[in-house]
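Fold and geometry: a report
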Amino acid sequence: MDYRHIRLPSQGQKITVADGQLQVPDEPILGYVEGDGIGPDITRACLRIWDAAVAQAYGGKRRIHWCELFLGEGAAARYEGDYFPDETLRAIQELIVAIKGPLTTPVGEGFRSLNVALRQQLDLYACVRPVRHYQGVPSPMRHPEQVDVVIFRENTEDVYAGIEYQSGSEQNQRLAQFLRGELGANFFDDAGLGVKPVSPFASKRLVRKAIQYALDHQRESVTLVHKGNIMKYTEGAFRKWGYEVAREEFGDRTITEDQLYEEYGGKQPEGKVVIKDRIADIIFQLMILRPQEFDVLATMNLNGDYLSDAIAAQVGGVGIAPGANIGDHVAVFEATHGTAPKYAGQDKVNPGSLLFSGVDMLEYLGWQRAADMIRIAYQDTVTDGIVTYDFARQMEGATEVPTSGFADALIERLGDADLESRRAERARELAAERAERERRRMQAPDEEMLASGRKPVTVADIMTRSIISVPASASVDAALRVMREHDISAVLVEPTDVQEWGVMTRRDVVGRVAGGGRSSAEVTAGEVASRPIITVGADTPLSDFGRLMMERDIRRAVVERNGEFVGIATETDFTNSVEQFGWVRGE
C-alpha cells in the first residue's frame with residue numbers, strides 16, 4: 001500500500017488475523033503516534049522502556065519494529081493542515097495494532113474530538129480502561145490497593161453518537177414538533193435536543209468482549225452498569241441484552257449473582273464468571289466503599305467516561321491510567337490524559353498513562369512476560385522513591401527525576417525482578433482476597449448482598465425462580481407441604497381437560513379455604529387456584545409490575561422469558577423486596 005508520508009520499516013512482519021485470532025510474528029510492525037504537547041517527551045521515554053523489556057524478556061528473540069504515524073498537529077504540519085489524514089487510518093487498519101500519545105483537537109475544524117473520530121471511523125467499539133494501584137503511588141484513599149478493575153465502555157452509541165440539535169435551529173424545531181405532536185412528549189420550550197441510541201448489536205458485542213476478557217484473565221465477575229431504573233428502554237435494555245449474551249453465548253461458563261447465592265450458597269464454582277449489575281450512581285459509591293467486590297465493569301459511553309476518570313483518581317489520577325480502543329481485532333492504545341502544552345518539551349511529566357497503555361498492548365500481543373516485567377520494575381522504581389515531579393511533591397523523601405530519567409531508572413530495574421516469585425506472590429494475594437469474600441458470602445449472604453449494592457430492578461430480581469407445579473387434583477394440604485419444602489409462596493396448578501393453568505398462593509388458601517370454613521384436606525388445589533394466570537416479562541421494571549398489580553387487582557403473576565415460564569412473582573415478593581432493599585426510585 002502506497003503512503004505519502006508514512007514509511008513502513010524495511011524489516012519486520014505485519015500482524016495478521018486467521019480464524020478470528022491475531023497472528024503475531026516475533027518481529028511485528030506496530031504503529032505509533034507521538035502526539036501533541038507532551039506527547040513527544042513521554043513517547044520517546046516509553047519506546048525505550050518497551051523495547052528494553054521485550055529484549056530482556058525474550059533474550060533478543062523478539063523485537064518490535066516501529067512505524068511512525070501522524071495525527072493531530074504532527075499530521076497538520078505534513079498534510080496541508082489535515083489533522084486526521086486518511087492514510088493514517090488506512091495504515092492502522094493495515095498494521096492492526098498501534099499506540100498514540102495525547103492529541104489536540106483543532107478548534108472549528110468539524111471534529112468534536114480526534115479521539116472520538118478515530119474510534120468511530122475504525123469502529124473501535126470498546127474503550128478498555130484497566131485501573132489498579134501500585135504500592136507507593138500517592139492516593140487519596142485509605143486502601144487504594146483494593147482497586148483492581150477493568151472498565152469496558154461502549155464507544156459508538158449513547159449520547160456520544162452526536163445526534164443532537166441546537167436550541168433554536170430548524171432541525172431542533174422540527175424534532176420538537178414531532179416529539180410533542182406525534183409522541184406526546186413534554187419538555188420546556190427552546191430545549192436543546194439529543195438522541196440516545198442504545199442498540200442490541202452494539203450492547204451485546206461490548207458485553208461479549210468484556211465477558212471473554214474476564215474468562216481469559218481469570219476474573220471473578222462482570223458487572224453491567226446502567227441507569228435502567230429510569231431509562232428503561234436504553235440503559236435498562238443494555239442490562240437486559242447483557243444478561244442475554246451471558247446466558248445464550250457463555251451459559252456453560254457464567255452464572256448470575258442470583259444463582260451464586262441461591263444455587264451455590266455464595267461459593268463461586270471453579271471456572272465460572274459471575275454476571276451481575278449495578279445502578280450507575282450506586283457503583284460510584286461502591287467503588288469507594290467496596291472496590292474489591294468488582295472485577296470487570298461493562299457499561300455505556302457516558303457512564304464509562306465518568307467512571308474511568310473517577311476510579312483512576314483513586315489510584316493516582318489519569319496521569320498513570322492506561323486506555324485502549326479496540327474493535328474486533330484492530331486496537332489503538334492511548335494515553336488517557338491531555339496534551340499539557342504548558343510542559344511540552346520540558347522532559348518533565350509522568351509517562352505512566354502511555355507506559356501502561358503499552359503494557360496492555362504487549363498483553364494484547366500475547367507477550368505477557370514483557371508486560372509483567374515492566375509492571376514489576378515500575379513498582380520497584382516508585383517504591384525506591386524515584387518519581388517525576390507530580391508524585392515527588394506528594395511523597396516524603398522522593399527523588400524527583402525528569403521523564404527520561406524515570407525511564408532510565410525503570411530500565412535499570414527490569415533485570416532485577418524475580419518475575420516468577422513476584423507472580424506467585426500476586427496470585428496468593430488474589431486467592432486470599434477471593435477466599436475472604438467467599439467466606440463472607442457464605443456466612444452472611446443477605447448482609448453481603450445488601451452491602452455490595454445489589455438492589456432489585458426487574459421482576460426477574462424478585463421472583464421465585466423454581467417453577468414448582470402440583471396436579472389440580474392435589475389437596476390444598478399437599479400443595480402447602482410442597483410450598484413449605486421449597487420455601488416458596490406460590491405454586492403453579494397444572495391444567496386439566498377442562499381447566500387451564502392456574503396459580504395458588506397462601507393468600508388463596510386463607511381467602512378461599514379458611515375464609516369459607518372449608519377443610520384444606522378436602523379441597524383441591526384446582527378449586528382454589530386463580531385463573532387465568534397473568535404473565536409478565538422477566539425484564540419488566542418493578543415500578544411497572546407494581547402498577548400492573550394495582551391496575552389489574554392481582555397479587556401474583558407468572559414470569560416468562562422467550563415464551564417459557566421462568567418464575568412466579570407475588571405481592572409478598574414485592575413487599576419483601578421493598579422492606580429489605582428500600583424502593584429503588586428515580587434519583
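Residues numbered from 1 in each chain as written. Predicted model: local features only at pLDDT ≥ 70, side-chain atom pairs only at ≥ 80, totals over all residues. Heavy atoms only, no water.

**Brief notes about the nonpolar core**
Trp50, Trp66, Phe152, Ile211, Val222, Ile374 and Tyr378 are the most contacted members of the largest nonpolar core, which has 86 residues in total. If one sorts the elements of this core by residue count, helix 1 (residues 39-57) sits on top with 10 residues. Contact partners of Trp66, with chain neighbours within four places excluded, come to Pro9, Leu30, Gly31, Tyr32, Leu47, Trp50, Asp51, Ile99 and Met361. Tyr3, Cys67, Ala75 and Tyr79 belong to the second largest nonpolar core, which has 24 residues in total. (Core = buried A, V, L, I, M, F, W, Y, C linked by side-chain atoms within 4.5 Å. Buried < 20%, exposed > 50% of the residue type's maximum accessible area, 1.4 Å probe, protein only. Helix = DSSP H or I, 4+ residues; strand = E, 2+ residues; numbered from the N terminus. Contact = heavy atoms within 4.5 Å.)

**What about the packing of aromatic side chains?**
Counted under the stated rule, the structure contains 13 aromatic pairs. Here the aromatic rings of Phe70 and Tyr79 are separated by 6.5 Å at their centres, their planes lie at 50°, and the arrangement is tilted. Each member of the pair Phe70 and Tyr79 is classed as buried. Every member of this aromatic cluster is reached through a ring pair, and the members are Tyr134, Phe356, Tyr378 and Phe406. When the ring centre of Tyr58 is taken as reference, the NZ or CZ atom of Arg62 above it lies at 4.4 Å. (Phe/Tyr/Trp six-rings, centres within 6.5 Å; stacked < 30°, edge-to-face > 60°. Lys NZ or Arg CZ within 6 Å of the ring centre and 35° of its normal.)

**Section: the pattern of salt bridges**
Pairing is possible between side chains of opposite charge, provided their charged atoms come close. With the rule as written, the count across this model stands at 47 salt bridges. The closest approach of N and O atoms between Arg180 and Asp189, which form a salt bridge, is 3.1 Å. Residue classification places Arg180 among the partly exposed residues on the basis of a relative accessible area of 33%. Residue classification places Asp189 among the exposed positions, given a relative accessible area of 61%. We note a salt bridge from Arg518 to Glu527, for which the minimum N-O separation is 3.0 Å. (Salt bridge = Lys/Arg side-chain N within 4 Å of Asp/Glu carboxyl O.)

**A short note on the sheet that holds strand 12 (residues 273-279)**
If you walk across this open sheet you meet the 11 strands as 4-3-5-15-14-6-7-13-10-12-11, and the pairing is mixed. At either end of the open sheet lies a strand with only one pairing partner, and these are strand 4 (65-68) and strand 11 (254-256). Pairwise comparison of adjacent strand axes, ignoring direction, gives a mean angle of 25° for this sheet. Across 4 bridges, strand 5 (residues 97-100) lies against strand 15 (residues 331-335) in parallel orientation. Along strand 15, the bridge assignment pairs Val97 with Ala331. Against the sheet, helix 10 (residues 301-313) engages strand 6 (126-132), strand 7 (148-154), strand 10 (221-226) and strand 13 (296-299), with an angle of about 155° to strand 7. (Pairing = 2+ DSSP bridges. Axes fitted to C-alpha atoms, helices over the stretch in contact; angles between N-to-C directions.)

**Some details on the pairing of strand 3 (residues 29-33)**
Counting buried positions along strand 3 yields 5 of 5 residues, so the element is predominantly enclosed. Side chains Ile29, Gly31 and Val33 project from strand 3 onto one buried face, and the interleaved Leu30 and Tyr32 project onto a second face that is buried too. Pairing geometry for strand 3 and strand 4, over 4 bridges, is parallel. Bridge pairing in strand 4 places Leu30 opposite Trp66. At this point the chain moves from strand 3, through helix 1, to the parallel strand 4, and the crossover so formed is right-handed. Sheet topology places strand 3 next to strand 5; 3 bridges connect them, and they run parallel. (Right-handed = clockwise from strand over helix to strand, strands pointing away.)

**Some words on the packing of helix 1 against helix 12 (residues 368-383)**
Between helix 1 and helix 12, whose axes approach to 9 Å, the crossing angle comes to 120°. The orientation of helix 1 with respect to helix 12, classified from their angle, is oblique. For the pair helix 1 and helix 12, the crossing hand works out as right-handed. Residues Ile49, Trp50, Ala53, Val54, Gln56 and Ala57 of helix 1 lie in contact with helix 12, whose contacting residues are Arg369, Ala370, Met373 and Ile374. Classifying every residue of the contact of helix 1 with helix 12 gives 8 nonpolar, 1 polar and 1 charged. (Parallel < 35°, antiparallel > 145°, perpendicular 65-115°, else oblique. Left-handed = near helix turned anticlockwise from the far one by under 90°. Nonpolar A, V, L, I, M, F, W, Y, C, P; charged D, E, K, R; others polar.)

**Regarding empty space enclosed by the protein**
For the coordinates displayed, the defined rule picks out 2 cavities of 30 Å³ or more. There is about 160 Å³ of room inside the largest cavity. Lining of the largest cavity is provided by 16 residues; of these, Ser221, Leu260, Lys276, Glu293 and Arg441 occupy positions nearest its centre. Residue assignment for the lining of the largest cavity shows that the elements contributing at least two residues are helix 8 (257-262), strand 12 and helix 15 (419-443). One number sums up the size of the second largest cavity: a volume of about 40 Å³. If you go around the second largest cavity, the residues you meet are Glu154, Glu157, Asp158, Pro197, Val198, Ser203, Phe238 and Met300. Class assignment of the residues belonging to the lining of the second largest cavity gives a composition of 4 nonpolar, 1 polar and 3 charged. (1 Å grid on protein atoms, 1.4 Å probe; cavity = no way out; pocket = protein on both sides within 12 Å on 5 of 7 lines; lining within 4 Å. Points joined across faces, edges and corners; volume = space filled by probe spheres on them.)

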